[in-house]
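# Examination of the molecular architecture
Each chain is listed here by its residues.
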Amino acid sequence: MAGMFEAPKARINTSMLSQYTNRPVCFVGRVEKVHPTGKTFTLSDGEGKVAAVELNEPLDEELSGVVEVVGMVSNKGTLMSSAYTILHEEKGIAFDLELYNEALKVIHDFPQYYPFEVATSG
């Protein structure tokens, strides 16, 4: 999956999942629930909607707070995680998911200024 990290990835929220099936994405959300097996967890986005995330391997650390997930969207609308990053609070300032969600709307409303998907010429 090295290509996953080289390819441009759209930043999305839960309501956009179905538009990005089988495509690489970046999703930021707050951890809501981690399954006891450690292989799945749920994230809520800036609109409060929940997305499911599946991992290849069980978690080896406690997961809480805001997390960025890079992965593919499955046919079921689940994020198949290739990697995740915990976004720690900086100097007591919490990550503002609602503001992040507003930024996502701007990015998707004006794709000519935020070209995350590059067309390849043959």
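My aim in this report is to walk through the structure given alongside it, one point at a time. Counting from 1, residues in each chain are numbered in the order their sequence is written. Local features in this predicted model are restricted to residues of pLDDT 70 or higher, and side-chain atom pairs are both shown and tallied only at a pLDDT of 80 or more, whereas totals for entire chains, interfaces and linings draw on every residue. Each side-chain value is derived from all of the structure's non-hydrogen atoms; neither hydrogens nor water enter the calculation.

Okay, the overall build of the protein next. Each helix and strand in the protein was counted, giving two helices and six strands. Along the chain direction, N to C, the helices and strands of the protein fall in the order α-β-β-β-β-β-β-α. Against the globule reference of 14 Å for 122 residues, the protein gives a C-alpha radius of gyration of 14 Å, in line with a compact fold. Oriented by its inertia axes, the alpha-carbon framework of the protein measures out at about 45 × 30 × 25 Å. Relative accessibility under 20% of the residue-type maximum defines a buried residue, over 50% an exposed one, and the middle range a partly exposed one, all with a 1.4 Å probe and only protein chains included. Looking at the 122 residues of the protein, the share that counts as buried comes to 36%. Nonlocal contacts in the protein, meaning residues at least 24 apart in sequence, comprise 54% of its contacts between residues at least 6 apart. As displayed, the protein has an accessible area near 7,500 Å², and 54% of this comes from carbon and sulfur atoms. His is not counted here, nor are the chain ends, while Lys and Arg score as positive and Asp and Glu score as negative. To locate a charge, take NZ of a lysine, CZ of an arginine, CG of an aspartate or CD of a glutamate. Here the protein carries 10 positive and 17 negative side-chain charges, and the mean point of each set is 4 Å from the other. Secondary structure elements are defined from DSSP: runs of H or I of at least 4 residues count as helices, runs of E of at least 2 residues count as strands, and each element is numbered from the N terminus. This radius of gyration counts C-alpha atoms alone. The globule rule is 2.2 Å times how many residues there are, raised to the power 0.38. Two residues form a contact once any of their heavy atoms are found within 4.5 Å. Here the Shrake-Rupley method, with its probe set to 1.4 Å, supplies the accessible areas, and only the displayed protein chains count as covering residues.

Here the focus is the side chain of Thr78. Relative to the helices and strands, Thr78 is located in the loop between strand E5 (66-73) and strand E6 (79-87). Taking relative accessible area as the criterion, Thr78 reaches 10% and is therefore assigned buried. Ignoring anything within four residues of it in the chain, the contact list for Thr78 reads Ala52, Val53, Glu54, Met72 and Val73.

Note: α-helices contain 3.6 residues per turn, so residues at a spacing of three or four share the same orientation. Here helix H2 (residues 97-109) is 13 residues long and its end C-alpha atoms lie 18 Å apart, about the 18 Å a rise of 1.5 Å per residue gives. Considered for burial, the residues of H2 that qualify are Leu97, Tyr100, Asn101, Leu104 and Ile107. Viewed end-on, H2 has its buried residues packed into an arc of 115 degrees, placing them on one side of the element. Opposite its buried face, H2 presents the exposed residues Glu98, Leu99 and Asp109, each directed more than 90 degrees away. In the core, the buried residues of H2 are packed alongside strand E1 (10-12), strand E2 (24-34) and strand E3 (40-44). Of the residues flanking the start of H2, the one acting as N-cap is Asp96, its side-chain oxygen 3.1 Å from the backbone nitrogen of Glu98. One less than the number of residues in a helix, times 1.5 Å, gives the span that helix is expected to have. The arc in question is the one traced by the directions running from the helix axis out to the C-beta atoms. Two N or O atoms count as a polar contact when they lie within 3.5 Å, although within protein this holds only if one can serve as hydrogen donor and the other as acceptor, and sequence-adjacent residues are included solely when both atoms are side-chain atoms.

With that settled, consider the pattern of salt bridges. For side chains of opposite charge, pairing can occur when their charged atoms come near one another. By definition here, a salt bridge exists when the distance from a side-chain nitrogen of Lys or Arg to a carboxyl oxygen of Asp or Glu is within 4 Å. If you walk through the whole model with that rule in mind, you get five salt bridges. Of the charged contacts in the structure, one is a salt bridge between Glu102 and Lys105, with a shortest N-O distance of 3.4 Å. Taken together, the residues span about one helical turn, with Glu102 and Lys105 both in helix H2 at a distance of three residues. By relative accessible area, which is 33% here, Lys105 ends up partly exposed. Through salt bridges with shared partners, one network takes in Glu47, Lys49, Glu102 and Lys105.

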